Amino acid sequence: MKTRKLGRSGPEVSAIGLGCMGMSAFYGDKLDMAGGAEVIHRALDLGVTFLDTAEMYGPHTNEELLGEALKGRRDQAFIATKFGIGYNAERTALTVDGSPANVRRAIEGSLKRLQVDHVDLYYLHRVDPNTPIEETVGAMGELVKEGKVRFLGLSEAAPETLRRGHATHPITALQTEYSLWSREPEDELLATCEELGIGFVPYSPLGRGFLSGEIRSIDDLAADDFRRTNPRFTGENFQKNLDLVEAVTAIADDKGVTAAQLALAWVLAQGEHLVPIPGTRRIRTLEDNAAAADIMLTADDLARIEAVFPKGAASGHRYAETARAALNR
């Protein structure tokens, strides 16, 4: 596995990471500890060292799964986890808490569940509109001084928020959704990260699996899969987006790669400071995704992709209204 530097002065990590969320939350059937460990162990064997989880995933069970899987292999992994977001009691709205008190509370829980004495990268999952970012990042910086965290990150932070946070304590990585069908970071975020020397971590680089071309119908998703309520998977948006994926798949076929591999290679081609974290619960998919790090796209390839899937081509919002309300803009 090739590696990339996460930020100008950050650590070396695998060029493609592993998003662990889907093993425990949101996508229907969950993996048990043994099944999750099998996938994570294979990732480490392939050189995929950058593992992403969060307090919210489960909640808590995804960190617990990762903690169990990494017993005896902690030194092979770069662990990233996140705090600061959850649901209200009725699960009708997201709650965000970036207060210094919650920074302290959350890290202790994550360390216990992960069964580690430090986290390599600690993200604020969503920006708290009621807490100045300087207060949140300042409290996170104290964790670095105490050795409980090595590097800091923000998730879904607007450019100005990122600048203010970085001025308080160096931010190593910004995590935001980015893929062929979610290209909003191209407006300003990617350039801001490059300017400040901050690594950019695209989550959902395969459009929550849609860009793989393997989801052909809404019935391919489990009854409790949250994607059934995602605007891009519903109504007429589904077929419009599937038409885009089929056009990309034709290009992938010409190159002798899968649609998913082409989509990941496209993300990697957008800059050396990008490290995508596709998620999966299947070893075969993990292996295919990891192989995308070795696919080189020519200028002609990129032009062909742009022609059939230009910026803004996707139909529907990337989040339902409840989740959009928690985004920092």
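Higher on the page you've got the structure.
On a predicted model such as this, the values are computed, not experimentally measured, just so you know.

Each value, and the rule that gives it
Residues numbered from 1 in each chain as written. Predicted model: local features only at pLDDT ≥ 70, side-chain atom pairs only at ≥ 80, totals over all residues. Heavy atoms only, no water. Phe/Tyr/Trp six-rings, centres within 6.5 Å; stacked < 30°, edge-to-face > 60°. Helix = DSSP H or I, 4+ residues; strand = E, 2+ residues; numbered from the N terminus. Buried < 20%, exposed > 50% of the residue type's maximum accessible area, 1.4 Å probe, protein only. Pairing = 2+ DSSP bridges. Contact = heavy atoms within 4.5 Å. Axes fitted to C-alpha atoms, helices over the stretch in contact; angles between N-to-C directions.

K.L.:
Looking at this structure, how should I read the packing of aromatic side chains?
P.N.:
The way to describe two aromatic rings as a pair is by their centre distance and the angle between their planes. In total, this model carries 11 aromatic pairs according to the counting rule given. The interplanar angle of 75 degrees and the centroid separation of 5.5 Å between the aromatic rings of F50 and F78 together place this pair among those described as edge-to-face. Residue F50 is located in strand 4 (residues 50–52), and its partner F78 is located in strand 5 (residues 78–83); the two are separated by 28 residues in the primary sequence. Comparing F50 with F78, the two get one shared label, buried. Ring centres of W181 and F233 lie 6.0 Å apart, and the angle between their planes is 80 degrees; on these two criteria the pair is classed as edge-to-face. Of this pair, W181 sits in the loop between strand 10 (173–177) and helix 6 (189–196) while F233 sits in the loop between strand 11 (199–203) and helix 7 (235–255), and the two are 52 residues apart along the sequence. With relative accessibility at 1%, the residue F233 sits in the buried group. Clustering of aromatic rings is evident, with ring pairs tying together W181, F210, F233 and F238.

K.L.:
Please explain the sheet that holds strand 3 (residues 18–19) as it appears in this structure.
P.N.:
Backbone hydrogen bonds are what pair the strands of a sheet, in a parallel or an antiparallel way. Pairing is parallel across the open sheet formed by seven strands, whose spatial order is 3-4-5-8-9-10-11. In this open sheet, the two edge strands, each paired with only one partner strand, are strand 3 and strand 11. Examined bridge by bridge, strand 3 and strand 4 share two bridges and lie parallel to one another. By the bridge assignment for strand 4, L18 is matched with L51. This element, helix 4 (residues 133–145), spans strand 5, strand 8 (119–124) and strand 9 (149–155) of the sheet and lies at about 160 degrees to strand 9.

K.L.:
I tried to follow the environment of G316 on my own but got confused; where do I start?
P.N.:
Relative to the elements of secondary structure, G316 occurs in the loop between helix 10 (299–308) and helix 11 (321–324). Here the alpha-carbon distance between G316 and N88, two residues 228 residues apart in the chain, equals 26 Å. Excluding anything up to four places from it in sequence, G316 contacts P231, R232 and N237.

K.L.:
Help me understand unusual backbone geometry, please; the structure alone is not making it clear to me.
P.N.:
If a residue is not glycine, its phi is most likely negative; likewise, a peptide bond is most likely trans. In this structure, P59 follows G58 across a cis peptide bond, with omega equal to -5 degrees. Within the secondary structure, P59 sits in the loop between strand 4 and helix 2 (61–69). Positioned with a positive phi, F26 is a non-glycine residue whose angle comes to about 75 degrees. In this model, H60 sits at a positive phi of 80 degrees, which is unusual for a non-glycine residue. Of note, H60 is situated in the loop between strand 4 and helix 2.

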